[in-house]
Structures are given as C-alpha cells and as structure tokens.
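Chain by chain, the residues:
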Amino acid sequence: LDHVQGLVSFRPLFFPSREIHLYGQPGLRAALDSLLSPPWWPVGLEDIRTRIRVHEITPEDCLTLPGEGGELRVSCLRGNHPNKSLLFRAELEGKRVTYALDCEMGGGMEEALAEFARGSSLLIWDANFTRADKRDGWGHSTWEEGLAVGRAAGVERILMTHFSRDYTDSFLREQEALARREYGGCMFAREGMVIAL
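Residues numbered from 1 in each chain as written. Predicted model: local features only at pLDDT ≥ 70, side-chain atom pairs only at ≥ 80, totals over all residues. Heavy atoms only, no water.

Asks: Please clarify how the pairing of strand β7 (residues 122–126) should be interpreted in this entry.
Replies: Moving residue by residue along a regular strand, the side chains alternate between the two faces of the sheet. Of all five residues in β7, five are buried; the element is thus mostly enclosed. Burial of the side chains of β7 extends over both faces: L122, I124 and D126 are buried on one face and L123 and W125 on the other. Where strand β6 (residues 95–100) lies against β7, four bridges are found, and the strand directions are parallel. Following the sheet pairing, A100 is matched in β7 by W125. Regarding the hand of the β-α-β motif, the stretch spanning β6, helix α2 (residues 109–117) and β7 is right-handed. Two strands pair when backbone bridges link them, and β7 and strand β8 (residues 157–161) are joined in this way by five bridges, in the parallel orientation. Following the sheet pairing, D126 is matched in β8 by T161. In this view, the connection linking β7 to its parallel neighbour β8 by way of helix α3 (residues 143–153) has right-handed handedness. (Buried < 20%, exposed > 50% of the residue type's maximum accessible area, 1.4 Å probe, protein only. Helix = DSSP H or I, 4+ residues; strand = E, 2+ residues; numbered from the N terminus. Pairing = 2+ DSSP bridges. Right-handed = clockwise from strand over helix to strand, strands pointing away.)

Here is the structure:
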C-alpha cells in the first residue's frame, strides 16, 4: 500500500487534458482496480477523467519512450524486496540515472546492481537504514551499502532517500556528513530538491 497510496492525491489525475502512464509488474492493473474502488476509495480508475494508461512490464523489458529531448530508454532489474520490486535505469542524451529503491542487498544483488548502474550520472538509493539499524528481510538497504555499490558502478553522484520514519532531520544531517566524508558525490534527499545532470 505504501508504494501506491500517493496516487489518489496526485494532482494531475484531476486534469482531464492530461495523459498519465503507469508502469509496473504484471498484476498492476488488477491491484489498482481493487485498491481504487469502494470501500477503499469512492471512485475507480475508469471514473477518473484523466487518460490513464497502465503498462505491465517485467525485468526483461527495455522501453523506449518519446520525450522532448529525444527517446528515453528505460531498462529494468528485479529488486530484492518482499513481493518483488523493479529497479529502473533511464538513459537520455548520454545521461544515465539508476533508481534503486526498495531493494535489499545480499545473494549477489550488489554485483548485479553495480553492473546495472555502471556509468550512471546519478544513482538514487534506498537508504532506509544505517548499518547499525538494518533489519534483514525487510527489503531495504543502508547508505553504507549504497556507497559501496556506487563505487563499484563508477557513478558520479548518489542520492540517498527512502529514510526510516524513525530518523530525525538532525540525525539524517549527521549521517549525510559521514557519508560525504567517504564519497564526495553523496547527498541526502530533501523536500523540493532539484538535481541538474
């Protein structure tokens, strides 16, 4: 539920002139139809006036999407998370961004992810835990693991995000200072942050 709950308050859903494309694993459409219907929500996807297109994809899929700056190429990798997850790599105009949230390291995931993210301008990383707080089997990683994968992949910058709700802003600033000492291109996400590639 935490992966899709923001969809119901996503403002562009309420503009009829918009078209929204949602990408996810097989079963996404059925899951959204179940969630966005009574008694959980008063209207279903078919009642929303915005044009919504649901695309079900697998880790083997590579997508080419039209964009203003050319064709955006998106590749997928299976993540290590309860009930599965998909990780994404987007490439446009020689820039590469890898999105690796909801993924726990172990079982060869570090090597697979480092190869997947190789040469990325930006690696967006699941820093839900610190090494001291990590909970095995929860499907999340640490900022320390993110630095290791980033080094192995040769990424320029790493954006840490998806922090535990138990962490305060001051604690995260301390963790960011520690991480930046180890990897100068590391930063922790903040509300409203914009990163130019």
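Asks: Sorry, what's going on with the sheet that holds β8 here?
Replies: Picture the strands of a sheet paired through backbone hydrogen bonds; they go either parallel or antiparallel. Strand order in the open sheet formed by seven strands is β3-β4-β5-β6-β7-β8-β9, and the pairing between neighbours is mixed. The open sheet is flanked by β3 (62–67) and β9 (186–188), the only strands paired with a single partner. Sheet twist, expressed as the mean angle between neighbouring strand axes with direction ignored, is 20°. Across six bridges, β3 lies against strand β4 (residues 70–79) in antiparallel orientation. The residue of β4 that forms the bridge with C62 is S75. (Axes fitted to C-alpha atoms, helices over the stretch in contact; angles between N-to-C directions.)

Asks: Sorry if this is basic, but what is going on with the packing of α2 against α3 here?
Replies: The axes of two packed helices give the description: the angle between them and the distance between them. Where α2 contacts α3, the axes come no closer than 8 Å and their chain directions differ by 50°. What the angle tells us is that α2 and α3 run oblique. Remark: the crossing between α2 and α3 carries right-handed chirality. Listed contacts from α3 to E110, L113, A114 and A117 of α2 are V149, A152 and A153. (Parallel < 35°, antiparallel > 145°, perpendicular 65-115°, else oblique. Left-handed = near helix turned anticlockwise from the far one by under 90°. Contact = heavy atoms within 4.5 Å.)

Asks: Can you help me understand the pairing of strand β1 (residues 19–24) in this one?
Replies: Of the two faces of β1, only one is covered, namely that formed by I20, L22 and G24; the face formed by E19, H21 and Y23 stays uncovered. Of the strand pairs in this sheet, β1 and strand β2 (residues 51–56) are connected by six bridges, and their pairing is parallel. When the sheet's bridge partners are listed, G24 is paired in β2 with E56. Once you follow β1 into helix α1 (residues 28–35) and on to β2, the crossover reads as right-handed.

Asks: Help me out: how do you make sense of α3 in this one?
Replies: Since one α-helical turn is 3.6 residues long, residues separated by three or four positions face the same way. For α3, the set of buried residues is W143, E144, G146, L147, V149, G150 and A153. G154 lies just past α3 and shows a positive phi near 70°.

Asks: Is there a simple way to explain the layout of surface pockets in this structure?
Replies: Any empty space left between the atoms is revealed when a probe the size of a water molecule rolls over them. Approximately 1,500 Å³ is the volume attributed to the largest pocket. Forming the walls of the largest pocket are 38 residues, and the residues nearest its centre are H3, V4, Y23, Y99 and D102. Among the residues making up the lining of the largest pocket, the classes are represented as 23 nonpolar, twelve polar and three charged. Of the voids in this model, the second largest pocket is the one considered here, and its volume is about 230 Å³. Along the walls of the second largest pocket sit D2, N128, F129, R135, W138, H140, H162, F163, S164, R165 and D166, which together make up its complete lining. A per-class count over the lining of the second largest pocket returns three nonpolar, four polar and four charged. (1 Å grid on protein atoms, 1.4 Å probe; cavity = no way out; pocket = protein on both sides within 12 Å on 5 of 7 lines; lining within 4 Å. Points joined across faces, edges and corners; volume = space filled by probe spheres on them. Nonpolar A, V, L, I, M, F, W, Y, C, P; charged D, E, K, R; others polar.)

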